[in-house]
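Architecture and fold: a report
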Amino acid sequence: MLFIIKRLTFVVSGSCQSMLRRNVLLCKRACTRPLDSRLVLGIETSCDDTGAAVMDETGRILGESSHTQKDVHLKTGGIIPVVAQRLHKENIARVVQEALDKSGIAPRDLSAVATTVKPGLALSLGIGLQYSLNFIQEHKMPFIPIHHMEAHALTVRMIQSVPFPFLVLLISGGHCLLAVARDIDDFLLLGQALDEAPGDTLDKVARRLSLVKHPKCSTLSGGQAIELMAQEGNRLKFHFKSPMGQHYDCNFSFAGFRNQVTQVISKKEEDEGIQPGEILSCVSDIAAAAQYTVASHIAKRTHRAILFCKAKGLLPQNSPSLVVSGGVACNQYIRKTLQIVTDATGLDLHCPPAKLCTDNGVMIAWNGVEKLRKGKGIVAHTANIRYEPKAPFGTDITGQVKEAEIKVPPLKLKISQ
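Not measured: the values here are computed from a predicted model.

For the peptide bond that leads from Phe164 to Pro165, omega is -5 degrees, which places it in the cis range. Here Ser210, not a glycine, exhibits a phi torsion of approximately 55 degrees, which is positive. Note on placement: Ser210 falls in the loop between helix H6 (198-208) and helix H7 (222-230). Even without glycine at this site, Glu405 takes up a positive phi of about 45 degrees. With respect to the helices, strands and loops of the structure, Glu405 is situated in the segment after helix H13 (398-404).

All right, on to the UniProt feature "domain: Gcp-like" (unreviewed entry) in the protein chain then. Mapped onto the present numbering, the UniProt feature "domain: Gcp-like" (unreviewed entry) falls on residues 61-366. From the first C-alpha to the last, residues 61-366 spans 9 Å; its make-up is 48% helix and 16% strand.

Moving on, we get to the nonpolar core. Residues Leu167 and Leu190 are the most contacted members of the largest nonpolar core, which totals 61 residues. Broken down by element, this core gets its largest block of residues, 14 residues, from helix H9 (residues 283-312). Apart from the residues lying within four places of it in its own chain, the contact partners of Leu190 are Leu167, Leu178, Ala179, Val180, Cys250, Ala305, Phe308, Cys309, Ile397, Thr398 and Val401. Among the nonpolar cores identified, the runner-up in size contains 24 residues, and Leu133, Phe135, Phe143 and Ile385 belong to it.

This paragraph deals with the side chain of His148. Within the secondary structure, His148 sits in helix H5 (residues 148-154). Under the relative-accessibility criterion, His148 is labelled buried at 4%. Those residues in contact with His148 that sit more than four places away from it in its chain are Glu44, Ser46, Thr116, Lys118, Pro119, Asp359 and Met363.

Before going further, it helps to spend a moment on the packing of aromatic side chains. Applying the stated criterion to the full structure yields five aromatic pairs. Arranged with centres 6.3 Å apart and planes meeting at 10 degrees, the rings of Phe252 and Phe254 form a pair that is stacked. Per residue, the accessibility class of Phe252 equals that of Phe254, and both read buried. When the ring centre of Tyr292 is taken as reference, the NZ or CZ atom of Arg235 above it lies at 3.8 Å.

Next up on the list: a nonpolar patch on the surface. Where nonpolar side chains cluster on the molecular surface, the patch consists of Ile80, Val82 and Leu123 and spans about 220 Å² of accessible area. Tracing the backbone shows Val82 in helix H3 (residues 81-103).

As summarised here, the arrangement of the six strands in space is E10-E9-E6-E7-E8-E11, forming an open sheet in which the pairing is mixed. Each having just a single partner strand, strand E10 (348-350) and strand E11 (395-396) make up the two edges of the open sheet. Set on the sheet, H9 makes contact with strand E6 (166-171), strand E7 (176-183), strand E8 (186-192) and strand E9 (321-325); between it and E6 the angle comes to about 160 degrees. Seen against the sheet, helix H10 (residues 332-345) touches E6, E9 and E10 and runs at an angle of roughly 155 degrees to E10.

Parameters at a glance
- Residues numbered from 1 in each chain as written.
- Predicted model: local features only at pLDDT ≥ 70, side-chain atom pairs only at ≥ 80, totals over all residues.
- Heavy atoms only, no water.
- Helix = DSSP H or I, 4+ residues; strand = E, 2+ residues; numbered from the N terminus.
- UniProt positions renumbered as here; feature names shortened; annotations may be inferred.
- Core = buried A, V, L, I, M, F, W, Y, C linked by side-chain atoms within 4.5 Å.
- Buried < 20%, exposed > 50% of the residue type's maximum accessible area, 1.4 Å probe, protein only.
- Contact = heavy atoms within 4.5 Å.
- Phe/Tyr/Trp six-rings, centres within 6.5 Å; stacked < 30°, edge-to-face > 60°.
- Lys NZ or Arg CZ within 6 Å of the ring centre and 35° of its normal.
- Patch = residues over 30% accessible without salt bridge, like charges linked within 9 Å, V, L, I, M, F, W, Y side chains within 5 Å.
- Areas by Shrake-Rupley, 256 points an atom, 1.4 Å probe, with all protein chains shown as cover.
- Salt bridge = Lys/Arg side-chain N within 4 Å of Asp/Glu carboxyl O.
- Pairing = 2+ DSSP bridges.
- Axes fitted to C-alpha atoms, helices over the stretch in contact; angles between N-to-C directions.

Right, here's the structure in full:
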């Protein structure tokens, strides 16, 4: 396997030259070990989940561990960055050690460490990066910095044969975007959220509905609570205007829709004579209508992205694929809505299992494995590695999508809750 390190021109001291030579040898060693012995440790701390996993080159998970902060943040009504940072710091060493113990792999046997460095919460990213840099310094191995959204986009390839290029929809609490994946490090951005992500929107609606006080929802995240309550509701009891109906692009917007929901909740509280914080009698109907509007908005933008890709020849003619990943992809109602879109347009729909849609160390390890296979993104010198809370995703061609002004034919999104 040919491994190439970009040429850098600078003056270094003798000790620095020695360090560089050592790191280059580490990277070469990682790329030339036999396939069955190349192992990657993946570490994830981009938001509120601490995850670690050890994986071999075939994608076999040898050991994994995680620590979720969900219960803590449920009590505070949202993620507080300094609290998330503290909990990552308290748990990361244990989580990594548990993954290693379950795998039966010693640190010296690892080929590389792959860690999320962008995008995410700055304080959370910092914990994962610092721990990883200390780890690779101690155990003398290469480092593979990982883009969190790229890892989500490629997770499905660990369990299904999905060749490039394919369309990917990433929907979570922090992100919402559509892109064409052309290679492990080559993406074309078609559209993204202009304000807030769908997971964040559903969480905020759930908080405004005080679903955490509902006996069925006390241990669920906001999005999970909305999905559960919607199963008992009638979405036709409330109508929310679908966002960006006159914008013929693939961008997303959820903030205006959330304001609509908030206004309806306030009016119903007044009608029923209850205070904010109490449960409305129509809570399930509002949840159902809110979930439908979010799903419909996502479906329409995805439909336009498919039509754009077909018009521009960006997807293969035979068996084109849509990959959906991210925490919101766990929502079965949204998955069914997207299935209607792919059935109508002739695409195959691929979704990772729910446990791999949320943030986890496995997807980071897999992204590291794919990079290791191709000798891409393996860092020989980590002095300049920094975490990036905000980071671009791929090559932005959203302007081209907007210029195409593709109108989407109506689809009947009638599915059971």
